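The primary structure of each chain is shown beneath.
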Amino acid sequence: MANSQMEPGAPITLQELYPSSPFYKEAVSLRVTGMLRGYSVETAIGVIEDGGKSLRINTQNLRDVSFRVGSIYQFIGELHIEQSNNEAILQARTGRNVDGIDMNLYRKTVELLRQFLKEEGNSNMVE
Amino acid sequence: MENATILTIKELVNKGRAVTGASSLFSSAASHSSSESSSKNPNSRPGSFDSDLTCKFLAPLSHPAVIVGTISLPSKTLICPNRYCFRFSDGDLTICCDILRFEIRAIGSKICVLSWNFLPMKHCGGFLEIIKWKFMDTGNLLSRCSGIGSFPLFPSLFPSRNGDRKSRYCVHGVLESISPVSVVSCMDGESSDSVNLPGFLVHVMACECKAYSQNAAVGCSHAFEKSAFVYFCGLVVTSWHPAIRKLVGRNVALSGLKKKMIYVRGDSLLVFVTTESSVLHPPCISKKQIVLKTVVDRRGNCGSYLGFVKGVYLKGKLVEMDEDVWLLLTDQILNRSHSIRTGSLICIRNVHFVNTKFSWGEVLILGACFKTSITVEFFSPFETSCLVDSCRQNSLSRFIESLSFPARFWALLVRSCLQKFNGIPSEKEILRSCQKDELTKMYAESQIPSFMFQPRGGIFTEFCMHESCGCNSEAHDCNLKLVMSISSFVQHYKVMLNELLSQINKNSSANNCLSHSSSTWKRDNHTNTKTLGSDDIGVILLGKLKISSSGRLQLHDRTSSIDVLTPDLLSDRNAHRIFEVSDYNLIMEGLPESMLHMPFLHNSLRCRNVVNPTPLAIENTLTVRFSLSLGTGSCKQVYGHHSLDWRHDLNEFKGGRFHLFRLTHKFPMLKNGHPGMPDCTSVFVEAIVLPLELICSVTEEDAAAPYFGEHDTSQEIRPHKRCKTNNGLQRERALSVPHEISCQMTIRCASSHCLVSAATLSNLKEKKSGNMLSAKRVLLEFIPECSNYYQALQIGGCYLMKHGTNDSFCAGRSGISNNDKISFRPETRLWSVEFSFDEDLTHDGSVDVYPLVSSQPSLVEKQHVSSPQPCSDVSLLLPYDAKGLFSVFLKNLEELNKPYAAGKNNNNTSCCTHLETIMQAEPSLVPPSNSLFPEGNLASFRGDVVAVDAVTSSVVDVSSSYCINVLVNHQIVKIFGPLRRHSYLTGFGPGASATFYRILGTGEENRFVLTSASFIKINSRKASDGRQLEKPAHQAALCLPKVTPQEYVPCMLAGPPACNSFSGNKDNQQIKSACKVLSVYLLVLQTRSDDPSENECRNNFDIPLAGFVVDDGSSVYLCWTSGERAFTILRLHEALPEEDIDVAQWTKRDSGRETTAYHLEQIVRVHKRIVMKCNGSQIDTLFRDITVAVTSDQLLAKSEDTFLKWLIPNAISGPLWEVARSSMDMKMIAHLEREQCVEMDTSRLNLQNVWGNEVSQVDPLVRAWSLLQGLLNS
């Protein structure tokens, strides 16, 4: 990988991943969660969906995750924007099955976490 | 047949084993004559005997065997208690026998017994049941169906004297009935001495044709319409009784009879009497149908009944036939055949059918009278004991014979119930049995109404004039209540609840509803209570009252015991006296929720359970506690052998002087109670010693002639002596004590004996200081031996104690002063006393008596319900003037600082709505205490318990306690505090009417706190069938959390405020967090109680201390806890996972036995106390060194050891727990160590020690949402 330092995957919801969003950038590290809609064994590309939005995941680097359509998965990886059609695909470096997760709660938690980090960042700046 | 060995009787008798044998082991019926093939061996008969009995079949011989011998009539050579049964002899030995397919010709002939049962008997070697037989002499066989033979009743030694003109009559007809053998004393013509001649009567429906032709006996066109009686008279002729008995219902002819006129009850009756030349002409055997089920043939009141014997009880007096059909063989004179055994098919002819409705259910009684005859149609294939008459006729059997059939049946049930009663401490069994008979008789006499007695007319009257002698008229309804032993009683309800439960389960599974699964209700099954009144139950219990080792009052008999809740008791409770409990409520605690809404099946009680109380092997999936709440005055003593007792009682009063004291408070038992206090085995009461003594002037003569009956002690027999009142009394009234008050004293003894006598109340003289001037308050200490007294004493009750130099009040002190601690001596006797006041002593006629304060407060309460029968041992009638004085001493203790009635605004609100508003209010909050010690006024009042809630509060000092909602004056009062073992009484819970003594007012309206000195008395319980629980709003509130006895929070953390010296510790904050169990550190398991009667309840073991290593995500703690919380963390209430451990030996796949707790209980029960320690020095290596120590002398089995160790991984694999913890200091650790006698070794792992106050399972989602909510709000 190009980056010598790997960034932590910022947890986001799929709704936040639209072309003008700050996360919609090449090589940004993200943590995404959604239900697996489809999976191709040949290409190792899966599609997760949450809240009406979907995202393609390249799972070729993953080894121990078994994919079952209909289950909920969480991936951490780097976003890659394909130049040809401006479509995003996550190059997953890790992933796991998170069946049973309460997505509403998760979304709220993500918000709260961001809020906390923001405050934390502010206070750090004051210092 | 050819291979069959010939057995001798001697061989059989010497072996002494019950066996069955046959000539052939293969069914080769074809080779036999047709008549034989029709009589099948009962062993191979397909059973219509729907037996739930666990009878053993008779052991068959392994080889074919026959017995050869002769059948003879009974004779003196073999004395059998049943007297008139056939004999069988093979020339060597003679034994009793019975025979199927009997023919007269068989008598005296040599026969070969082809199929038989042999049963050993004590007195005459054995009993042979001949199933199949044939004549040895084949020549005889040819003439077999030729029909008639003639059998002279007298042995043919005497040539027939045909010339006797008197004996020329003959009777020919159907033999209707036969009487038992009775003895008539008559004058012997030759010696003019009176001799006892045995004889029996036979009733024949005869044909009137004069000439009897031998050839026309069978199949003729005779009309058998004329009733004729034949008397078989004399020793020799009487021996024909068993043979004639076999002929009942058949055609017979008797010739050579003479006519006699006898007089029965003034009527003359023509009777044929046998003579020396009498001859019997038996019928030819006609083919009979084999009947395999009950056949009832009834004509009017009498009829015949064919059925299988299901059980023989009480020496054969009571025979169980079909369901709720009982044969009574009470008349001593009746001949009972040996072969009436459990499993035999018998035909009862001429028996009375009495359909009787008892209060507990309907029963068909088959009453045997003198006309009844019983023949065995098939012998029992089971190895059951033979019926042997005991010829002893005692007063009980005579008494029972004088009753009508329903009453006889009832009396027999009572007798069988007392059978199991270890009533009399006598060593000799016979003596004991006699005493039980006597007791039964006395008890039955007192219960059976007079119309159920029926005069008996003797055998001639009842046999010959059967219809007119009243044998006919029966009372068909009978309000006698069933007397049951306690174990059968409890068993009955257990069975009923189980049936109900299975019905519910069936319904719920049909609805595919999982909410009723047993695990759902098990969690809180101590909450639900149902109560049944004795009127609905219709059962009387007899038992003795005792106090169990756990301090509960129990009614017990030999079979079992049951907890009892009683409002009043005579203080004169002798442990050997038997009480009759008729008015009570049965309380069933711990029913599953689903059962509350089901109507109770009113299963009629089965009499079988009474006479044969072998516990049915029912699967006990329910853990219901049964207890009785007695009504007032319901506990009557059964008239027993206490004629000496009352005399002794009265002697105690003779010229005696008595202290008078009143109980003002009872302190609860501190047994196993407070950790902070030294072990105290004594119990204390507070009493006020009145400055008066009672001088009784009962004289010797009075004591010798007491009055009988409580009701007779009304005005008529009271000697209306004018009671002298001291003149000074008027002036000094209520201020100081007068010198002398005359009064009238009624002493009630244990039975209904009463004695009225004059007595004087005079100023108590003390040794030094002269007269005692005012009442003194003292503390009475009861050592454990006297704890019976403690139980019986009632707060507010007045008691007498004999005054002597050595009594408890006087011994070793010059006088009583306030706040003295006085030890009660075990030999001291107390009598309860009540006062009443004559309104106007100058009136000669009417005396208005009313109690000012009843010694039993519940009496006053319930006057409208039950008769205000006085229950105290002694009542004193005082002049009206003394009332003022006594009102000072006898002020009401139940109304101290009582919460006032609801305000005027609320007057219109009905109590119900008020209740509801309270119920719907949010969880009860504990009153905040802002001072180190709680302050407030003490209060005492009475109210109805509406609900008991667990307090949901984070306030540390009262956590794990309960809030009791009590309805007082139509308003809800909340009482907080821990309900510990000493105060958790039998029957306490919603529906109980209780009096709370000395509870602390908190300053807030209607809020009180239980202190360690508070006492709860349960006055009564409402009969409820749970219907009022239907409103869902109530359901939640009425849920009584399981009160685990001995479960307490160490007093440093949360004890009753009064003893909590640490409650002010501000640092002791309770923190809740989710924890995961990393390991078990220490586990103490012990049995809860030594009382076997309590062993039925769930979780009969306790975890007084358990230490767990827990991780709450941020740090690791050593978390200590106890009781139910430890149960939860160890997951003991969960089902045992099969795959985790080789549990094959532990697990029976019964429902209810699958929990870990159940299996653990088995181990704890054996070893009493188990301490398991993990000794590793690192958290990860804790299990490497586990020690298990037990207190019993038994070795811990390998499997038990494995099971105990398995608890650790089982706990570790548990879910997240939310634990409310507070820190522990060294003091508390030291205290726990001392209390539990274990080394907690808290410093080994260098972890922080915390106490787990509450444990609940974490739902991570719920927890997460609530966390989020909290964060968003902040």
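Per an unreviewed UniProt entry, chain B goes by CST complex subunit CTC1 and derives from Camelina sativa.

As annotated in an unreviewed UniProt entry, chain A is CST complex subunit TEN1 isoform X1 from Camelina sativa.

**Looking at the interface of chain B and chain A**
Each side of the interface is counted separately: chain B has six residues, and chain A has six residues. Counting the surface chain B buries against chain A, the share from its top three residues, B:L1261, B:W1265 and B:L1268, is 70%. Put simply, chain B and chain A have zero salt bridges between them. Applying the counting rule to chain B against chain A returns one residue pair in polar contact (both at pLDDT 80 or more). Considering only residue class, the side of chain B that touches chain A consists of six nonpolar, no polar and no charged.

**Structural notes on the packing of aromatic side chains**
Residues and elements named next belong to chain B. Inspection of every chain in the model, using the stated rule, returns 23 aromatic pairs over all chains. Relative to F353, the ring of Y305 lies with its centre 6.2 Å away and its plane at 50 degrees, an arrangement referred to as tilted. Of the two residues, Y305 is situated in strand β17 (residues 302-308) and F353 in strand β21 (residues 345-358); the sequence distance between them amounts to 48 residues. Using a relative accessible area of 3% as the deciding quantity, one classes Y305 as buried.

**Quick look at a nonpolar patch on the surface**
A cluster of nonpolar side chains, contributed by A:L113, A:F116 and A:L117, occupies part of the molecular surface with about 280 Å² of accessible area. Note that A:L113 resides in helix α1 (residues 103-126).

**So, the confidence of the model for chain B**
All names here are of chain B. Mean pLDDT for chain B: 70, with 64% of residues reaching 70 or above. Considering each helix and strand of chain B separately, the mean pLDDT is smallest for helix α22 (residues 1032-1037), with a value of 28, and largest for strand β54 (residues 1116-1121), with 90. Considering only residues more than four positions removed or in separate chains, one finds that residues 840-870, a stretch of pLDDT under 50, has 65 contacts. Across the interfaces of the predicted complex, the ipTM metric reaches 0.79, alongside a pTM of 0.54.

**Let's talk about unusual backbone geometry**
Backbone geometry follows two general trends: most residues other than glycine have a negative phi, and most peptide bonds adopt the trans configuration. Of note, A:A44 is a non-glycine position whose phi angle comes to about 60 degrees, a positive value. Along the polypeptide, A:A44 turns up in the loop between β2 (29-40) and β3 (45-50). Backbone geometry at B:N1246 places phi at a positive 60 degrees, although glycine is not the residue there. Tracing the backbone through its elements, the reader meets B:N1246 in the loop between α27 (1226-1236) and β58 (1248-1257). The exposure class of B:N1246 is exposed, given its relative accessible area of 69%.

**Some details on the packing of helix α25 (residues 1156-1167) of chain B against helix α26 (residues 1198-1212) of chain B**
Residues and elements named next belong to chain B. At a minimum axis distance of 11 Å, the contact between α25 and α26 shows a crossing angle of 130 degrees. Taken together, the axes of α25 and α26 lie oblique to each other. The element α25 and its partner α26 pack so that their crossing is left-handed. Across the interface between the two elements, T1156, H1159, L1160, I1163 and H1167 from α25 touch E1200, F1203, L1204, W1206 and L1207 from α26. Here the residues of the contact of α25 with α26 sort into six nonpolar, three polar and one charged.

**Points about the environment of B:D807**
When you line up the elements, B:D807 lands in the loop between β41 (798-802) and β42 (820-824). Once residues within four sequence positions are removed from consideration, B:D807 is found in contact with B:H659, B:M801, B:K802 and B:R825.

**Focus: the pattern of salt bridges**
Counted according to the given criterion, the structure contains 19 salt bridges over all chains. Between A:R114 and A:E16 there is a salt bridge, with the nearest N and O atoms lying 2.4 Å from each other. Of the two residues, A:R114 is situated in helix α1 and A:E16 in the loop between β1 (10-11) and β2; the sequence distance between them amounts to 98 residues. Across the salt bridge formed by B:K821 and B:E781, the nearest N and O atoms sit 3.3 Å from each other. Here B:K821, found in strand β42, pairs with B:E781, found in strand β40 (residues 776-782); they are 40 residues apart in sequence, far enough to count as distant. Exposure remark for B:E781: the relative accessible area of 12% places this residue in the buried category. Linked by salt bridges that have partners in common, A:R56, A:E82 and A:E87 make up one network.

Criteria and cut-off values
- Residues numbered from 1 in each chain as written.
- Chains lettered and ligands numbered in written order.
- Predicted model: local features only at pLDDT ≥ 70, side-chain atom pairs only at ≥ 80, totals over all residues.
- Heavy atoms only, no water.
- Contact = heavy atoms within 4.5 Å.
- Buried area = accessible area lost by both parts, 1.4 Å probe.
- Salt bridge = Lys/Arg side-chain N within 4 Å of Asp/Glu carboxyl O.
- Polar contact = N/O pair within 3.5 Å; in protein donor to acceptor, adjacent residues only side chain to side chain.
- Nonpolar A, V, L, I, M, F, W, Y, C, P; charged D, E, K, R; others polar.
- Phe/Tyr/Trp six-rings, centres within 6.5 Å; stacked < 30°, edge-to-face > 60°.
- Helix = DSSP H or I, 4+ residues; strand = E, 2+ residues; numbered from the N terminus.
- Buried < 20%, exposed > 50% of the residue type's maximum accessible area, 1.4 Å probe, protein only.
- Patch = residues over 30% accessible without salt bridge, like charges linked within 9 Å, V, L, I, M, F, W, Y side chains within 5 Å.
- Areas by Shrake-Rupley, 256 points an atom, 1.4 Å probe, with all protein chains shown as cover.
- pLDDT = per-residue confidence, 0-100.
- Axes fitted to C-alpha atoms, helices over the stretch in contact; angles between N-to-C directions.
- Parallel < 35°, antiparallel > 145°, perpendicular 65-115°, else oblique.
- Left-handed = near helix turned anticlockwise from the far one by under 90°.

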